Every structure is written in structure tokens, then in C-alpha cells.
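# Reading the structure
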Amino acid sequence: MRPSRRQPDELRAVTLERAVVKYAEGSCFVKFGDTHVLVTATLEDRLPPWLKGQARGWITAEYGMLPRATLERTRREATGGRQSGRTLEIQRLIGRSLRAVVELEAMGERQVTVDCDVIQADGGTRTASITGAFVALGLALEKLVEAGTLKTAPVKDLVAAVSVGIVDGTPLLDLCYEEDSRADVDMNVVMTSTNKFVEVQATAEHEVFGDEQLQNMIQLARQGVRLLIEQQKTLLPSFKRSD
């Protein structure tokens, strides 16, 4: 029995709340069970120097955990003078996931910065961040349409992410921290609403895995992402796609 008494193919209770921050062009408060992440998207009419003159936009992400997001206080990375390798990896993953579904050339020479702040962590913070980040990004791009700056939001597809893994020989969907910490295999899957993969991160933590186990995990991830994207569509009705 899972700690949350869920079935192996069952997501945690997921909620996505849009427009929760007054000053941000886009925002989303996402909850995957006891993992809670506040995501904001900021529009800026400027680009990094290396992108100037290329007639396209850019989307980047920053990620961080509040000190008491975890059971014991975690020192703020700013006090140490640099970000950890894990933080850098996650924020690059979030940025790649969002850029994969946006026509950057149609954005114009502007940047969207997505900030993902983990308020409470119980596993799956990166997948929750990506899922909420797409909503925040979508709202920010809608602001450009409302202002008449863009004719349509330059979004090619919807994107969401979920964790899967093998615990005690059983493939499980959307692992909480207790499950993740003792998983034989840990995998994060980023997918679009048209069933295309953006990224698959799979690691044999304690046991190697074969083709059949891999396919079982991918099928679970596909099922979970489909449910997450259905929730995204309710918050971003103009981004619905015929799947």
C-alpha cells in the first residue's frame, strides 16, 4: 500500500490555481499532494546580449526552495554565494520544457522569465514546477495578445511533467518523497498534449531495469500527463488542442 493509499496508476491530488500574484504577468500556484510550488512569469522587452538582433524571443527559468520547504531547514543558496548543481539542472530543464512548445520567433525580441519557488516539498518538485510554469507562461503570453502586441499566443502545444518509478518491484505514478527516496528506479517525463516527449530522465537508483519496465513507466507517465494537461486546459481555454 502506498503512503497516500493511492493505486499505482493514481496521481496525488493535483490543483492548479491561476493568477494568484497581483503584479506578475502570469502566475500559478500548483499542488501535487504535499508538494506546493508558486510559479510566476515576468515579461520583459529585452533579451540577453547574446540574443540581440536575432529576431526571436527567449524563455528562461529560475528555481529555488524556501528554507523550510523540507523537514529540516535548508540553507538559502544565496548565502553560500552560488547555486547547487541540482538547482541549475532543474531550472535548465524547466526552461527547455517551455521553449519546446513555443514559437520563439513569433514572440518578438522579448523575454519571459519564469520563477518557480518551492514552498513545500514532498517529491516531484521539478515536475510540479514544469506543469505550473506552462500555465504561468501561457497567461503571460495571453497578456501580449490582449494588449494587441501579438495577434495570437505563439504556443505550439501544451506541456506537463510527472514522475514515475519502480518501488518494491511495482511501477508507480507520481512518487511522493517517501517513495522516491527508496525507489529502485526513478524517472521524470516531460510530454506534450500530442504525446511527444520533451525529456525523459531515468535512473537506476538501486536496480537496473529492462524494456518492459521502461514501457510500463512510460505508459504510466503518459496517463498522468494527459490528466495534468486536462487541468491546464481549463485554465487556458484558448490553448486547447485537438489531441
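## Focus on the overall build of the chain
- What the chain contains, in helices and strands, is five helices and nine strands.
- Helices and strands in the chain line up, N terminus first, as β-β-β-β-α-α-β-α-β-β-α-β-β-α.
- Against the globule reference of 18 Å for 243 residues, the chain gives a C-alpha radius of gyration of 18 Å, in line with a compact fold.
- On the principal axes, the C-alpha backbone points of the chain span a range of 55 × 45 × 30 Å.
- Residues counted as buried form 48% of the 243 residues belonging to the chain.
- Total accessible area computed for the chain in this model is approximately 12000 Å², and 48% of it derives from carbon and sulfur atoms.

## So, the packing of helix α3 (residues 125-146) against helix α5 (residues 211-235)
- Across the interface, α3 lies against α5 with an axial gap of 10 Å and an inter-helix angle of 20°. As judged from the angle between their axes, α3 and α5 are roughly parallel. Pair α3 / α5 crosses with right-handed handedness. In contact with T131, F134, V135 and L139 of α3, α5 contributes L228, Q232 and L235.
- Considering only residue class, the contact of α3 with α5 consists of five nonpolar, two polar and no charged.

## Thoughts on the packing of aromatic side chains
- Here the structure, examined in full by the defined rule, presents two aromatic pairs.
- Ring plane angle 80° and centroid distance 5.1 Å describe the contact between W50 and W58, whose orientation is recorded as edge-to-face.

## Quick word on the sheet that holds strand β8 (residues 185-192)
- With antiparallel pairing, the four strands of this open sheet are ordered in space as β7-β6-β8-β9. Here the strands that pair on one side only, and so sit at the sheet edges, are β7 (170-173) and β9 (197-204). Averaged over all pairs of adjacent strands, the angle between strand axes in this sheet comes to 15°, irrespective of strand direction.
- As defined by bridge partners, β8 adjoins β9 across seven bridges and the pair is classed as antiparallel. Note that in β9 the partner of M191 across the bridge is F197.
- Lying on the sheet, helix α2 (residues 85-99) is in contact with β6 (159-167), β8 and β9; it crosses β9 at an angle near 150°.
- Its contacts with the sheet place α3 against β6, β8 and β9, and it is angled at close to 165° to β6.

Criteria and thresholds
- Residues numbered from 1 in each chain as written.
- Predicted model: local features only at pLDDT ≥ 70, side-chain atom pairs only at ≥ 80, totals over all residues.
- Heavy atoms only, no water.
- Helix = DSSP H or I, 4+ residues; strand = E, 2+ residues; numbered from the N terminus.
- Rg over C-alpha atoms; globule rule 2.2 N^0.38 Å.
- Buried < 20%, exposed > 50% of the residue type's maximum accessible area, 1.4 Å probe, protein only.
- Areas by Shrake-Rupley, 256 points an atom, 1.4 Å probe, with all protein chains shown as cover.
- Axes fitted to C-alpha atoms, helices over the stretch in contact; angles between N-to-C directions.
- Parallel < 35°, antiparallel > 145°, perpendicular 65-115°, else oblique.
- Left-handed = near helix turned anticlockwise from the far one by under 90°.
- Contact = heavy atoms within 4.5 Å.
- Nonpolar A, V, L, I, M, F, W, Y, C, P; charged D, E, K, R; others polar.
- Phe/Tyr/Trp six-rings, centres within 6.5 Å; stacked < 30°, edge-to-face > 60°.
- Pairing = 2+ DSSP bridges.

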